[in-house]
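Below, each chain spelled out in residue letters.
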Amino acid sequence: MATNLQIVLKQKPEGKLSERHFEQRDGALPVPKDGEVLLRTLLLSLDAANRAWMEGATYRQGVAPGDVMHGYAICEVLESKADTIRPGTVVFAEAGWQQFATAAATDVSPCPDVKPLSHLHSIVGIAGKTAYHGLIYVAGIEPGETLFVSAAAGSVGSVVGQIGKLKGARVVGTAGSTDKCQWVVDELGFDGCINYKEENVGEKLAELCPDGVDVYFDNTGGPILQAALLAMKQRGRIACCGAVSDYDTGQPMRGVVGIPGLLVVRRLRMEDFIVLDLDAERQAQAERDLSNWAKEGKIKVIEDVIDGLENAPRGLVGLLAGENRGKRMIRVGPDPE
Ligand SMILES: NC(=O)c1ccc[n+]([C@@H]2O[C@H](COP(=O)([O-])OP(=O)(O)OC[C@H]3O[C@@H](n4cnc5c(N)ncnc54)[C@H](OP(=O)(O)O)[C@@H]3O)[C@@H](O)[C@H]2O)c1
């Protein structure tokens, strides 16, 4: 009988996540009920937020010990017990860390016709759309402005910086090693990059952005947000995308000094956003622009694909430690023929 490799969260991490917090299980092949579809997972997205979900409910439900680890995936419909969707359709689904899953047909959405499918996680997926939404709609970047972005070598940050350059901004990022910083400048075209693990971010920011920062795209929160806040120009904007510096600590929700004081004095706007809130029209515009920029070679699509579902725990632990460049995902099964 066919089995279903699954990866389960065994234990809630108290501090840093490690591979020992997960275990593998051979589940049975699930059987769809009326109105459901049977899915085969092709490409599973690994996201920094996966770690935050282990702390409890966020903008979505949390993951509890004993659960198959949650995750967004691109899947093939193998069998359908719903009139609305046919076998062979490639869909987005909350399939989780498993080879096969069932889902209500109403909870999956057909993917647009994009090849390679990996681009549906990277440039025209959550990563690219988050970058686009935060930088263009939330922060409203303008030509000639100075943009600072944290986790610049990561999936969202690498696109933010490249869009910033396209829009005529001066762009400075942060990354966690000298090698990554060099790559961000040489390969992605940033004007500068600060190794936040070895350099004083405030001092380096003053050196690289002597007139201050107009837009800070915040992927990290924590000490980098603190340094950025102090470097902001009058009428600057901070787009709050995420707080990865908090996720893997066991002590989420740490704050910074200067709110609201600095916001008032410098007339700053600090605004959060979730990419899922993007309305259909703006989403379509973002997809069009991102895919054109990629086709025209104006933006490099950086993907970091790891083979094999069994490597997902190592992949997530490594992502949180800064191992990845660009969008990390797991190849669970081959594309449909
Ligand atoms: N608002 C939304 O709708 C939305 C959607 C998608 C993602 N996000 C957010 O975007 C951010 C990036 O997520 P992602 O999934 O794209 O991951 P990613 O940037 O591809 O990978 C995470 C990166 O964070 C950096 N990092 C880890 N710990 C850090 C720390 N303590 N301080 C500073 N940097 C640290 C690491 O690189 P280095 O240490 O080498 O820099 C790592 O590569 C996250 O905050 C995530 O929650 C938000």
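Peer 1: When you look at the overall build of the protein chain in this model, what are you seeing that I'm missing?
Peer 2: Counting secondary structure elements, the protein chain contains ten helices and 15 strands. The dimensions of the protein chain, computed from C-alpha atoms along their principal axes, are 65 × 45 × 35 Å. Contacts spanning at least 24 positions in sequence make up 66% of the contacts within the protein chain whose residues lie at least 6 apart.

Peer 1: Can you walk me through the site of the ligand in this structure?
Peer 2: What surrounds the ligand is a group of 34 residues, the closest being G154, G176, G242, S245 and G322. Where the shell around the ligand is concerned, the elements lending two or more residues are α2 (126–138), α3 (155–166), α6 (222–231), α7 (244–247) and α10 (312–320). Residue composition of the shell around the ligand, grouped by class: 18 nonpolar, 13 polar and three charged. Here the shell around the ligand spans two domains, since at least three of its residues come from each of domain 1 (3–122 + 302–331) and domain 2 (126–276).

Peer 1: What exactly am I supposed to notice about the nonpolar core here?
Peer 2: In globular proteins that are soluble, nonpolar side chains generally tend to be buried together. Ranked by size, the top nonpolar core spans 98 residues in total, and within it L39, L44, A93, L135, F148, F217 and A228 carry the most contacts. Two domains each put at least three residues into this core: domain 1 (3–122 + 302–331) and domain 2 (126–276). If we skip the residues at most four places from it in the chain, L44 touches G71, A73, W97, A312, M329, I330 and V332.

Peer 1: I'm lost on the packing of helix α5 (residues 201–208) against α6 in this one. Help?
Peer 2: In helix packing, the relevant descriptors are the interaxial angle and the interaxial distance, both defined with respect to the helix axes. Contact geometry for α5 and α6: axes closest at 9 Å, N-to-C directions at 40 degrees. Looking at the two axes, α5 sits oblique to α6. With respect to the hand of their crossing, α5 and α6 are arranged in right-handed fashion. Together, V201, G202, L205 and A206 of α5 and P223, I224, A227, L230 and A231 of α6 make up the contact between the two elements.

Peer 1: Explain the domain arrangement of the protein chain here, please?
Peer 2: Interfaces are often described in size by the accessible area the parts lose on coming together. On domain assignment, one finds that the protein chain holds domain 1 (3–122 + 302–331) and domain 2 (126–276). A straight line from the C-alpha centre of domain 1 to that of domain 2 covers 28 Å. Each partner contributes to the interface: domain 1 provides 22 residues, whereas domain 2 provides 18 residues. Breaking the side of domain 1 that touches domain 2 down by element, the ones donating at least two residues are α1 (49–53) and β15 (327–331). It is α1 that contributes the most residues to the side of domain 1 that touches domain 2, three residues altogether. Per-class residue counts for the side of domain 1 that touches domain 2 are eight nonpolar, seven polar and seven charged.

Peer 1: Can you walk me through the pairing of strand β14 (residues 303–307) in this structure?
Peer 2: One face of the sheet, then the other: side chains in a regular strand alternate in exactly this way. As defined by bridge partners, β14 adjoins β15 across five bridges and the pair is classed as parallel. Looking across to β15, one finds that D307 is bridged to R331.

Peer 1: Can you help me understand α2 in this one?
Peer 2: Residues separated by three or four positions in an α-helix point in the same direction, a consequence of the helix having 3.6 residues per turn. Taking 1.5 Å per residue as the helical rise, α2 with its 13 residues ought to reach 18 Å, whereas the 16 Å between its terminal C-alpha atoms falls clearly short. Counting buried positions along α2 yields eleven of 13 residues, so the element is predominantly enclosed. Burial in α2 covers these residues: I126, A127, G128, K129, T130, A131, Y132, H133, G134, L135 and V138. Following α2 by one or two positions, G140 has its phi on the positive side, about 60 degrees.

Peer 1: Looking at this structure, I do not really get the pairing of strand β3 (residues 36–45). What am I missing?
Peer 2: With nine of its ten residues buried, β3 lies for the most part within the structure. Pairing geometry for β3 and strand β6 (residues 100–104), over five bridges, is antiparallel. When the sheet's bridge partners are listed, L38 is paired in β6 with T102. Where β3 and strand β4 (residues 73–80) come together, seven bridges link them in antiparallel fashion. Counted as the bridge partner of L43 is I74 from β4.

Peer 1: Looking at this structure, how should I read the sheet that holds strand β11 (residues 213–218)?
Peer 2: Sheet strands pair by backbone hydrogen bonding; their relative direction is either parallel or antiparallel. Pairing is parallel in the open sheet, where six strands are placed in the order β10-β9-β8-β11-β12-β13. Both outer strands of the open sheet, β10 (192–195) and β13 (269–272), are each paired with one neighbouring strand and no more. Averaged over all pairs of adjacent strands, the angle between their axes in this sheet comes to 15 degrees, without regard to strand direction. Across four bridges, the pairing between strand β8 (residues 146–149) and strand β9 (residues 170–175) is parallel. Counted as the bridge partner of V149 is G173 from β9. Where α3 meets the sheet, its contacts fall on β8, β9 and β11, and the angle it forms with β9 comes to roughly 165 degrees. In the packing of helix α4 (residues 178–186) onto the sheet, contacts are made with β9 and β10, and the angle to β10 comes to roughly 170 degrees.

Peer 1: Explanation requested: the packing of α2 against α3 in the structure shown.
Peer 2: α3 packs onto α2 with a crossing angle of 50 degrees between their chain directions and a minimal axis gap of 8 Å. With respect to α3, the axis of α2 lies oblique. By crossing handedness, the relation of α2 to α3 is classed as right-handed. Together, A127, G128, T130, A131, Y132, G134 and L135 of α2 and S155, V156, V159, V160, I163 and G164 of α3 make up the contact between the two elements.

What counts, and where the lines are drawn
Residues numbered from 1 in each chain as written. Predicted model: local features only at pLDDT ≥ 70, side-chain atom pairs only at ≥ 80, totals over all residues. Helix = DSSP H or I, 4+ residues; strand = E, 2+ residues; numbered from the N terminus. Contact = placed C-beta atoms within 7 Å. Near = placed C-beta within 6 Å. Nonpolar A, V, L, I, M, F, W, Y, C, P; charged D, E, K, R; others polar. Domains from an automatic or database assignment. Core = buried A, V, L, I, M, F, W, Y, C linked by C-beta atoms within 7 Å. Buried ≥ 20, exposed ≤ 12 C-beta atoms within 10 Å, placed from the backbone. Axes fitted to C-alpha atoms, helices over the stretch in contact; angles between N-to-C directions. Parallel < 35°, antiparallel > 145°, perpendicular 65-115°, else oblique. Left-handed = near helix turned anticlockwise from the far one by under 90°. Pairing = 2+ DSSP bridges. Expected span 1.5 Å × (residues − 1).

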